[in-house]
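Descriptive structure summary
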Amino acid sequence: MILLGRLGSILATLFLLSVIVFCLQLLLPGDPATILAGEDRSPETIASIRERFGLDQPLPIQYVRWLGNAVQGDLGMSMRFNQPVVSLVLSKLPVTFQLATMALVIAILIGVTSGIVAAVYAGTAVDQTLTVLSVFGFSIPNFWLGILLIMVVSVQWGLLPASGYVSPLVDPWESFRTMLMPAFVLGSQLAAILMRHTRSAMIEALNTDYVRTAYAKGMPRRRIILRHALRNALVPVVTLGALEFGQLLGGSVLTEYVFSVPGIGKLLVDSVFNRDYPVVQAVVLCSGAIYIVLNLLADIAYVVLDPRIRRGRSA
Amino acid sequence: MSTKAETIAAHDGLLALLWRNFAGRSGAILVVFFILMAATAPLVAPYAPLASDWNAVLQPPSAAHLLGTDELGRDVLSRLLWGAQSPIVAAFGSVALALAIGVPLGLVAGYAGGVTDAVISRLTDTLLAVPGIMLAIALALFLGGSLLNATLAIAVAAVPAFIRLARARTIQVMAEPYVEAARSVGVRTVRLLFVHVFPNLVPPLIVQATLAMAVAVIAEASLSFLGLGRPPPAPSWGSMLTVGKDYIGSAPWLSIWPGLCIFLVTIGFSLLGDGLRQSLERR
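Thresholds, definitions, all that
Residues numbered from 1 in each chain as written. Chains lettered and ligands numbered in written order. Predicted model: local features only at pLDDT ≥ 70, side-chain atom pairs only at ≥ 80, totals over all residues. Helix = DSSP H or I, 4+ residues; strand = E, 2+ residues; numbered from the N terminus. Buried ≥ 20, exposed ≤ 12 C-beta atoms within 10 Å, placed from the backbone. Contact = placed C-beta atoms within 7 Å. Nonpolar A, V, L, I, M, F, W, Y, C, P; charged D, E, K, R; others polar. Core = buried A, V, L, I, M, F, W, Y, C linked by C-beta atoms within 7 Å. Bend = angle between axes of the 7 residues up to and from the residue. Expected span 1.5 Å × (residues − 1). Axes fitted to C-alpha atoms, helices over the stretch in contact; angles between N-to-C directions. Parallel < 35°, antiparallel > 145°, perpendicular 65-115°, else oblique. Left-handed = near helix turned anticlockwise from the far one by under 90°. pLDDT = per-residue confidence, 0-100.

So, about the overall build of chain A. Across its full length, chain A carries 13 helices and zero strands. Secondary structure elements in chain A, listed N-terminal to C-terminal, are α-α-α-α-α-α-α-α-α-α-α-α-α. Principal axes of the C-alpha set define a box for chain A whose edges measure 85 × 60 × 35 Å. Split into buried and exposed, the 315 residues of chain A put 39% on the buried side.

The subject of this paragraph is the overall build of chain B. The helix and strand inventory of chain B stands at 11 helices and zero strands. Beginning at the N terminus, the succession of helices and strands in chain B can be written as α-α-α-α-α-α-α-α-α-α-α. Across its three principal axes, chain B shows a C-alpha extent of roughly 80 × 40 × 25 Å. Expressed as a percentage of the 283 residues in chain B, the buried residues total 49%. Expressed as a percentage of contacts within chain B between residues at least 6 apart in sequence, the contacts between residues at least 24 apart total 71%.

This paragraph deals with the interface of chain A and chain B. With 40 residues of chain A in contact, the opposing surface of chain B contributes 38 residues. Residue assignment for the side of chain A that touches chain B shows that the elements contributing at least two residues are helix 1 (2-24), helix 6 (125-139), helix 7 (142-156), helix 10 (221-259), helix 11 (264-274) and helix 12 (277-305) of chain A. Among the residues forming the side of chain A that touches chain B, the class breakdown is 30 nonpolar, 10 polar and no charged.

Let us now look at the nonpolar core. Residue and element names in this part refer to chain B. The biggest cluster of nonpolar side chains holds 164 residues, and the ones touching the most others in it are Ala136, Ile137, Ala158 and Ala216. Counting residues per element, this core draws most heavily on helix 9 (residues 189-225), at 18 residues. Contacts of Ala216, omitting those with residues within four sequence positions, involve Ala90, Ala91, Ser94, Val95, Ile154 and Ala158.

Next up on the list: the environment of B:Ala84. Tracing the chain through its elements places B:Ala84 in the loop between helix 3 (76-83) and helix 4 (85-112). Measuring from C-alpha to C-alpha, the distance between B:Ala84 and B:Phe34 comes to 6.7 Å, with 50 residues separating the pair along the chain.

Of all the bends in helix 2 (residues 22-44) of chain B, the greatest reaches close to 45° and is centred on B:Ala38; the proline B:Pro42 follows between one and four positions later. Looking only at helix 2 of chain B, the buried set comprises B:Ala23, B:Gly24, B:Gly27, B:Val31, B:Phe34 and B:Met37.

Once that is clear, we can look at unusual backbone geometry. Of note, the amide linkage connecting B:Pro232 to B:Pro233 takes the cis form, showing an omega dihedral of 10°. By secondary structure assignment, the location of B:Pro233 is in the loop between helix 9 and helix 10 (237-245). Of note in this structure, A:Asn82 is not a glycine but carries a positive phi near 50°. Along the polypeptide, A:Asn82 turns up in the loop between helix 4 (59-71) and helix 5 (85-120). Taking the number of C-beta atoms within 10 Å as the measure of exposure, A:Asn82 has 7 and is therefore exposed. The backbone of B:Leu58 shows a phi angle near 50°, a positive value even though the residue is not glycine. The residue B:Leu58 is located in the loop between helix 2 and helix 3 in this model. Taking the C-beta count within 10 Å as the criterion, B:Leu58 has 15 such neighbours and is therefore assigned partly exposed.

A word on helix 9 of chain B. Here helix 9 of chain B is 37 residues long, yet its end C-alpha atoms lie only 46 Å apart, well below the 54 Å a rise of 1.5 Å per residue gives. At B:Phe198, helix 9 of chain B is bent by approximately 50°, the largest bend along its length, and proline B:Pro199 sits one to four residues beyond.

The subject of this paragraph is the packing of helix 4 of chain B against helix 5 (residues 114-129) of chain B. Residues and elements named next belong to chain B. In the contact formed by helix 4 and helix 5, the axes pass within 7 Å of each other and the chain directions differ by 140°. The angle between helix 4 and helix 5 falls in the class oblique. Crossing handedness for the pair helix 4 and helix 5: left-handed. Where helix 4 approaches helix 5, its residues Leu105, Val108, Ala109 and Ala112 are matched on the opposing element by Gly114, Thr116, Asp117, Ile120 and Ser121. For the contact of helix 4 with helix 5, a count of residues per class yields five nonpolar, three polar and one charged.

Turning our attention to the environment of A:Thr213. Residues and elements named next belong to chain A. Along the chain, Thr213 falls in helix 9 (residues 209-216). Judged by C-beta crowding, with 12 C-beta atoms within 10 Å, Thr213 ranks as exposed. As for Thr213 and Gly30, which are separated by 183 residues in sequence, their C-alpha atoms are 70 Å apart.

It is worth spelling out the packing of helix 5 of chain A against helix 8 (residues 172-206) of chain A at this point. Residue and element names in this part refer to chain A. Viewed as axis vectors pointing N to C, helix 5 and helix 8 meet at an angle of 35°, and their least axial separation amounts to 5 Å. Crossing of helix 5 over helix 8 shows right-handed handedness. Among the residues making up the contact of helix 5 with helix 8, the classes are represented as 26 nonpolar, six polar and one charged.

Residues and elements named next belong to chain B. Put simply, chain B has an average pLDDT of 89, and 95% of its residues get 70 or more. For chain B, per-element mean pLDDT is lowest for helix 1 (residues 3-20), which scores 65, and highest for helix 4, which scores 95. Note that pLDDT drops below 50 for residues 1-6; the model gives that stretch zero contacts with residues more than four away or on any other chain. The complex prediction reports pTM at 0.87, with the ipTM value standing at 0.84.

Here you go:
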């Protein structure tokens, strides 16, 4: 059906992603075996590493071998933690998911609500204020907003913890409190984007014939806005939200670093500092793969949410 | 076709429109201000950016040091002024590079269709699948930290957006009757693409390029924040924040100013992009 065709291009994209991630290591200046050897640079060690990792083979063969391992969930060993890279990334994923989900919820609450308000009061001072705020939210660098919030909320007021992580399974309330600031910081940019899209989609929806008809029927304004206009305006917004979830994973890099949240973002930064190249490759590969899957889910959501697409394409 | 005179007239019209647009005017002022800051830092800065004064370490703002000093006794204001150079260079450099790579690829994909389009589009999808900042971090790490490599990394992350835009617009324009007319009178492909199709791509590309510069400024700051930009001790806003982060409680001025600069440049480019879009739509 519709989605089956998408599957082909998704496989192609995943393949290209793996090629790009594999090729990253070719950018490293110098001999990879020497780099992998780390401190111990005796010729024997380097030679044995070259043989063990197949670095003496031609590139396409190296790639096929690497891909074969990757498909079986083996992306190499972390040079720093001496632990399989995949299990390292997987162990950090739940934290990042929790952070990104909270950020998404905050972004939707702030973004969609302010978008509706701005659209309903389009052209007024309320609309203009919200639009200016959205420009601010879009432009403020995550890490700086984080530092400012820590400065004010944690250091000055002592309201929320400045850093760290508590599992929701251990203490849900404390987990919520530690995640609140990072999630707000991570979600701020998405909130700005969602606000703009909700605003323009709502303005469009409020000017349609069916909304005019609903008014003519004497339906309450609140009901028209929430039931009729919003439902139609939300379709593109939902897709955007799903797509941006992938970007949240990317944005989590600096946010997690600033707030010391132990997710894949912080893992990436730590690996940058430790020059732990295989971990960096794995993080990029996993994030890309997650995004591609989310993309597919967004397509499915789109079809489910909008009956017109469902009927239109299957006919 | 008196193209030259017309373009210039149209160009003047755009600048005038931009100046009448509030967002456009504010953005233009901010961007020009920071370009001047980068260019004149050597003349204006009160101290050398690397000069340490060990008797004035972590001093709060004072008459001698208007924005205070850092952990090595260096003047924050001077470092801030010099620090404008790398984001400006990275923004213009990376976007120029992304345009140079992305636009021809998008044109070809949109024009040729078929397998060429499929290959280029899948490549675009792939680059878009990895969050831009993550891709830039990975590339900058593997290439090694320097301003040039950071610019390259940011450019690669910016390319897919330009390919998509150029491709979509090309497909749109190719359906126009005048393109068909040009083709039917035997205009050759290269000329068709550059003389008839490309000019239609310019307005949306200008807007996208300006917005991409806003993203590039944040990306450059992020990379130098992680030590992947211009290597220290060279002043850059990102690396100044890295230090500031360790003195949040005791020396907040170390974090406030560089962050504010990054924020203002980004806002400048965003507003300029918005203003340009509105002005171009109005024309």
